[in-house]
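Letter by letter, the chains look like this.
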Amino acid sequence: MKICQNFQTIFKYFNRCSQADLEVSLEVSPFGGMGEEESSNSPAEVDNKGLYDLIGIPPQSTTDDVKKAFRKKAVKEHPDKGGDPEKFKKLTEAYEILSNPEKKDLYDRYGMEGVKNGGGGGDMGDIFSQFFGGGGGRREQGPKKMKAKMREQQVTLEEVFEGKMIHLNHKRKRVCDGCEGKGGANAKQCTACKGRGMVQKLQMIGPGMYSQSTGPCTDCGGDGTIFPEKDRCKKCKGNKVMDQEKVIEIPLERGVPDEHDYQFYGESDEMPGVMAGDLYVRIKIKKHDVYERKGADLYINKKITLVEALTGTQFTLKFLDGTNLHISTKPGEIISPAQIKTLKKKGMPCYKDAMSEGDLHIRFEVEFPLSGQLKSEQIEQLKKVLPGPKQQQKLDAKKTLYLEEYDEAHVNSNPEGGKKDEEDDDDERGGHGGQRVQCAQQ
Ligand SMILES: [Zn+2]
Ligand SMILES: [Zn+2]
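First things first, this report covers the structure right here in the doc.

## With respect to the pattern of salt bridges
According to the stated counting rule, one finds 26 salt bridges in the structure shown. The partner of Glu267 in a salt bridge is Arg172, and the shortest N-O contact between them spans 2.9 Å. Of this pair, Glu267 sits in the loop between strand E10 (261-264) and strand E11 (279-285) while Arg172 sits in strand E4 (residues 164-175); the two residues are 95 residues apart in sequence, bridging distant segments of the chain. Of the two residues, Glu267 and Arg172, both sit in the buried class. The residue Lys240 makes a salt bridge to Asp223 at a minimum N-O spacing of 3.6 Å. Residue Lys240 is found in the loop between strand E8 (225-226) and strand E9 (241-252), and its partner Asp223 is found in the loop between strand E7 (209-216) and E8; the two are separated by 17 residues along the sequence. Given a relative accessible area of 16%, Lys240 falls into the buried group. Through salt bridges with shared partners, a single ionic network connects Arg172, Arg174, Lys246 and Glu267.

As structure tokens, this is what we get:
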């Protein structure tokens, strides 16, 4: 949960960065919060076994072993099968790290601290100070890590009810293995920017007025180096990075809230000398035709006729697990219009507490017969049966007001009070004026 909370502030931070067209985030904020609890400055004793223990394999096992063991264990430990959701989350987190060769390597050598800090290296701090000015911009222990990325994953309410492993095809940039991220051979310093990657640009903002700005060099694409065409890496065409597809496994938990973010360490883009950013997958639950969800509770609207309201109603309802619920009023029970009734424990599973569930609430809408549908003898019979005044009050026929249709388009016929007067034509004034003032005062 802590990760999710941190994320908002991180995101603000990233947004600020992107205004300056920065591709790199200096500060690895996503780990900031976690570090408070787990950081220890003495690298003497590193725990690089814990994650393997979680998956149940010996330390330093291969990524293939990790994958095989995880699959087996995930099936057993899945909250659907009665596994502890918290434990399952830890298991998937362990898998995220150990199934990624770079992160596994960091973990094997430095433990969690290594994974979090990404091993350091590079000198992106200098680039940052170029952008933000002031030498003080460099941070003490800022591992160089790419921006986090956010994706959305639509799921159905049924999927959230059941919980499942979702497979998401994800394309991210990885350092080219053809040139090891160099882009080619025989690199020469770019003459346009003298190898700095950045150039001063003059832009005309008005007649005779120019503004000066610093931007990436177009000759070398901001790299500061240029390759002879023949030495350019064929695999990445000199881009240093390549698109790589990966299937991300999202362990959708039962009862997960809408807009929940799953974090995948290092599954965003990577750059030479900069470790891969994190991927966040935000769960978006599609609107359901029948069920409305509020926390762990479900609501449905149910239309019944007046006869059903008075004499009882029985109906079946397709539930989120695919079964049919057989629902009935109790003998003698009467449903009033807009009444809400509840089926206990027929709601969503509680998030992080898959053993308990919310309730299902049914809002009844009672459909009355239409005017003219009842014959006078039926009306007399109803009067005998139903409670209420048996004799109607006698009214003066001349003074009786008959009810008319309610027309929504003509409610509050003078909504702006007396204001309408101003828009009226001169000749319409006079006689009406007095009445409108009365209206406005009401
Ligand atoms: Zn390459
Ligand atoms: Zn250049």
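## A few points about the pairing of E7
Direction of pairing for strand E6 (residues 198-206) relative to E7: antiparallel, over a ladder of 8 bridges. Note that in E7 the partner of Lys201 across the bridge is Ser213. With antiparallel pairing between neighbouring strands as the criterion, E6 and E7 make up a hairpin whose turn holds 2 residues, including Gly208 at a positive phi of roughly 70°.

## Some details on the coordination of the zinc ion (ligand 2)
Distances from the zinc ion (ligand 2) to its protein donors, namely Cys190 (SG), Cys193 (SG), Cys217 (SG) and Cys220 (SG), fall within the range 2.2 to 2.4 Å. Note that the zinc ion (ligand 2) binds 4 donor atoms; their angles at the metal cover 103 to 116°, and the shape is tetrahedral. Considered as a linear motif, the donors of the zinc ion (ligand 2) on their single chain read C-x2-C-x23-C-x2-C. A residue pair is termed long-range when its members are at least 10 positions apart, and Cys193 in the loop between strand E5 (188-189) and E6 and Cys217 in the loop between E7 and E8 qualify at 24 residues. Comparing Cys193 with Cys217, the two get one shared label, buried.

## Things to note about the sheet that holds strand E19 (residues 360-367)
With mixed pairing, 4 strands are arranged side by side in an open sheet as E12-E13-E19-E16. One side of each edge strand has no neighbouring strand; the edge strands of this open sheet are strand E12 (292-294) and strand E16 (340-343). The mean angle between the axes of side-by-side strands here comes to 30°, regardless of whether they run parallel or antiparallel. The pairing of strand E13 (residues 297-305) with E19 spans 8 bridges and is classified as parallel. Paired with Thr305 across the bridge in E19 is Glu367.

## Comments concerning the packing of aromatic side chains
Inspection of the entire model under this criterion finds 4 aromatic pairs. With centroids separated by 4.0 Å and ring planes inclined at 15°, the aromatic side chains of Phe70 and Tyr95 adopt a geometry described as stacked. On the criterion of sequence distance, the pair formed by Phe70 in helix H4 (residues 63-77) and Tyr95 in helix H5 (residues 85-98) is long-range, its members being 25 residues apart. Pairing Tyr291 with Phe319 gives two aromatic rings, centres 6.2 Å apart and planes at 75°, and the pair type is edge-to-face.

## Quick look at the coordination of the zinc ion (ligand 1)
Those protein atoms acting as donors to the zinc ion (ligand 1) are Cys176 (SG), Cys179 (SG), Cys233 (SG) and Cys236 (SG), and they sit at 2.2 to 2.3 Å. Considering all 4 donor atoms around the zinc ion (ligand 1), angles at the metal cover 104 to 114° and the coordination shape is tetrahedral.

## Some thoughts on H4
If you check H4, its first and last C-alpha atoms are 20 Å apart, about what 15 residues at 1.5 Å a residue would give, namely 21 Å. Inspection of H4 places Val66, Ala69, Phe70, Ala74 and Glu77 among the buried residues, and these make up the whole buried set. Of the surrounding elements, those touching the buried residues of H4 are helix H3 (50-55), H5, E4 and E9.

## A look at the side chain of Thr313
With respect to the helices and strands, the residue Thr313 is situated in the loop between helix H9 (306-311) and strand E14 (314-318). Of note is the side chain of Thr313, whose polar atom sits 3.1 Å from the side chain of Glu308.

What counts and how
- Residues numbered from 1 in each chain as written.
- Chains lettered and ligands numbered in written order.
- Predicted model: local features only at pLDDT ≥ 70, side-chain atom pairs only at ≥ 80, totals over all residues.
- Heavy atoms only, no water.
- Salt bridge = Lys/Arg side-chain N within 4 Å of Asp/Glu carboxyl O.
- Helix = DSSP H or I, 4+ residues; strand = E, 2+ residues; numbered from the N terminus.
- Buried < 20%, exposed > 50% of the residue type's maximum accessible area, 1.4 Å probe, protein only.
- Pairing = 2+ DSSP bridges.
- Donors = N, O, S within 2.8 Å, 3.2 Å for Na, K, Ca; no water.
- Tetrahedral: all angles 85-135°; square planar, octahedral: opposite > 155°, others 65-115°.
- Axes fitted to C-alpha atoms, helices over the stretch in contact; angles between N-to-C directions.
- Phe/Tyr/Trp six-rings, centres within 6.5 Å; stacked < 30°, edge-to-face > 60°.
- Expected span 1.5 Å × (residues − 1).
- Contact = heavy atoms within 4.5 Å.
- Polar contact = N/O pair within 3.5 Å; in protein donor to acceptor, adjacent residues only side chain to side chain.

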